[in-house]
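Listed below are the residues making up each chain.
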Amino acid sequence: MKILILNGPNLNLLGKREPEIYGSDSFEDYLVGLKEKFSTIKLEYFQSNHEGALIDKLHEVGFSYDGVVFNAGAYTHTSVGLADAVSGITTQVVEVHISNVHQREEFRHKSYLSPVCKGVVLGFGLKSYDLAIESFL
Ligand code: DQA
């Protein structure tokens, strides 16, 4: 089984960025444990701060991988382009957020991705990624 974890803008700063919201672990450190936990899955990781690069990656894996775990960061709340990319591929995508966006600012309550994703996991810190991967098993 092949699953892509796809992280969008500013998620390269995890561990340094607003630790009271996003925690103090870097994603790279967390990924080591994830790969050990899900050792039977081929877990690929890609992060970009660029909307087009995220769209290109969805196109690249979206007809052959078994799943995508996608935290689009702030693009979640703005991007018709990413929603169209998710709609346009055959691989199912699970939307993930570290924080509970519904407890935060109003503009974070809208997601362009939720209607086109298989499901949504949010608010469990980095554990949201574990839960999203489990949804594909
Ligand atoms: C986030 C929530 C978004 O609103 C925010 O822009 C992010 C991170 C989360 O994982 O909680 O960058 O997607």
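Figured I'd write up the structure that's included with this text. (Residues numbered from 1 in each chain as written. Predicted model: local features only at pLDDT ≥ 70, side-chain atom pairs only at ≥ 80, totals over all residues. Heavy atoms only, no water.)

**So, the pattern of salt bridges**
Under the defined criterion, the tally for this structure stands at seven salt bridges. Its salt-bridge partner being E44, residue K57 comes within 2.9 Å of it at the nearest N-O pair. Of this pair, K57 sits in helix 3 (residues 51–61) while E44 is found in strand 2 (residues 42–47), placing the two residues 13 residues apart along the sequence. Overall, K57 belongs to the buried group, its relative accessible area being 9%. Overall, the relative accessible area of 18% leaves E44 in the buried class. Measuring nitrogen to oxygen at the nearest pair gives 2.7 Å for the salt bridge that ties R108 to E105. Judged by relative accessible area, which is 16%, R108 ranks as buried. Through salt bridges with shared partners, a single network forms among K37, D130 and E134. (Salt bridge = Lys/Arg side-chain N within 4 Å of Asp/Glu carboxyl O. Helix = DSSP H or I, 4+ residues; strand = E, 2+ residues; numbered from the N terminus. Buried < 20%, exposed > 50% of the residue type's maximum accessible area, 1.4 Å probe, protein only.)

**Considering the sheet that holds strand 1 (residues 2–7)**
Each strand in a sheet pairs with its neighbour through backbone hydrogen bonds, running either in the same direction (parallel) or in the opposite one (antiparallel). Across the sheet, five strands lie side by side as 2-1-3-4-5; this open sheet has parallel pairing. In this open sheet, the two strands that pair with only one neighbour each are strand 2 and strand 5 (119–122). Averaged over neighbouring strand pairs, the angle between their axes works out to 20° when direction is ignored. Where strand 1 and strand 2 come together, six bridges link them in parallel fashion. The residue bridging L4 from the neighbouring strand is E44, located in strand 2. Where helix 3 meets the sheet, it contacts strand 1, strand 2 and strand 3 (67–71), and its direction lies at approximately 175° from that of strand 1. (Pairing = 2+ DSSP bridges. Axes fitted to C-alpha atoms, helices over the stretch in contact; angles between N-to-C directions. Contact = heavy atoms within 4.5 Å.)

**Structural notes on the site of the ligand**
Residues in close proximity to the ligand include R17, Y22, N71, G73, A74, H77, H97, I98, S99, V101 and R108, which together make up its full environment. In the environment of the ligand, an oxygen atom lies 2.6 Å from a nitrogen or oxygen atom belonging to the side chain of S99. Its free accessible area being 320 Å², the ligand has 99% of it covered by the protein chains. Class assignment of the residues belonging to the shell around the ligand gives a composition of four nonpolar, five polar and two charged. (Near = heavy atom within 4 Å. Polar contact = N/O pair within 3.5 Å; in protein donor to acceptor, adjacent residues only side chain to side chain. Areas by Shrake-Rupley, 256 points an atom, 1.4 Å probe, with all protein chains shown as cover. Nonpolar A, V, L, I, M, F, W, Y, C, P; charged D, E, K, R; others polar.)

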